[in-house]
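Remarks on the overall topology
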Amino acid sequence: MADQTHVLFVEDDDVIREATQLALERDGFAVTAMPDGLSGLEAFRADRPDIALLDVMVPGLDGVSLCRRIRDESTVPVIMLSARADSIDVVLGLEAGADDYVTKPFDGAVLVARIRAVLRRFGHANGGAHAEDPAPSVTGGPLIFGDGELEIDTEGMEVRRAGEPVALTPTEMRLLLEFSSAPGTVLSRDKLLERVWDYGWGGDTRVVDVHVQRLRTKIGQDRIETVRGFGYKLKA
């Protein structure tokens, strides 16, 4: 398991859990599968997996609450599984700190592709050894915005607001780097999905909207502007 990417999979449906575990293992992942949120939290703390795959509706501790508990302790990537694409649970999961979600029922190949896309952003290779994750094209020393209120160290991957460190998840950091690479330039939701979430296909723009809102709460509500009908931009 040491040289494989380790997936924590929490799903209460026995058939889905066993079938998905077998499919992921065939693709080279090491999988710990748990039937409820409490056992999932215990497994997370014991095994420290590379990625967590959480069903929203699991007993004991639901998937959204489990995501919050994981996010309180770690920046490990989290993908939520939701039975309805239009469910409020999707937004709740993203607000809890999930990096992406997949709608059930899902095709195994689509699930694997989404897992690998997240892993590439977080610096892991496909189902196995770790690899370097190419960062957005931001180079040089610290970037300063708002008369010094916001400072982004693009080499140390650290952010400070009014001199105080800001804790960002890797997805939030990549999103901020995309904005800071072109301050004042409007970036569409589709472009951000492509660059930050590695979607070569269409995706749900709610993922972008929720992450922008989370980022705003950390770096300042007025730092990222909404340009209606087009997207978002970072104030230069």
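Let me sum up the structure you'll find in this document.

Cut-offs applied
Residues numbered from 1 in each chain as written. Predicted model: local features only at pLDDT ≥ 70, side-chain atom pairs only at ≥ 80, totals over all residues. Heavy atoms only, no water. Axes fitted to C-alpha atoms, helices over the stretch in contact; angles between N-to-C directions. Helix = DSSP H or I, 4+ residues; strand = E, 2+ residues; numbered from the N terminus. Parallel < 35°, antiparallel > 145°, perpendicular 65-115°, else oblique. Contact = heavy atoms within 4.5 Å. Nonpolar A, V, L, I, M, F, W, Y, C, P; charged D, E, K, R; others polar. Pairing = 2+ DSSP bridges.

This part takes up the packing of helix α6 (residues 170-180) against helix α8 (residues 206-219). Relative orientation and spacing of two packed helices are given, respectively, by the angle between their axes and the distance between those axes. Two numbers describe how α6 lies on α8: the axes approach to 10 Å, and their chain directions differ by 85°. Taken together, α6 and α8 sit at an angle that is classed as roughly perpendicular. Contact residues: T171, E172, L175, L176 and F179 in α6; H211, V212, R214, L215, K218 and I219 in α8. The residue makeup of the contact of α6 with α8, split by class, is six nonpolar, two polar and three charged.

Across the sheet, which stays open at both edges, the five strands sit in the order β2-β1-β3-β4-β5 with parallel pairing between neighbours. Looking at the sheet topology across the chains shown, the edges are occupied by β2 (30-34) and β5 (100-103). On average, each strand axis in the sheet is inclined to that of its neighbour by 20°, with strand direction left out of account. The sheet contact formed by strand β3 (residues 51-55) and strand β4 (residues 78-82) spans four bridges and is parallel. Note on β4: the bridge partner recorded for L53 is I79. Those strands touched by helix α2 (residues 37-47) are β1 (6-10) and β2, and its axis lies near 165° from that of β1.

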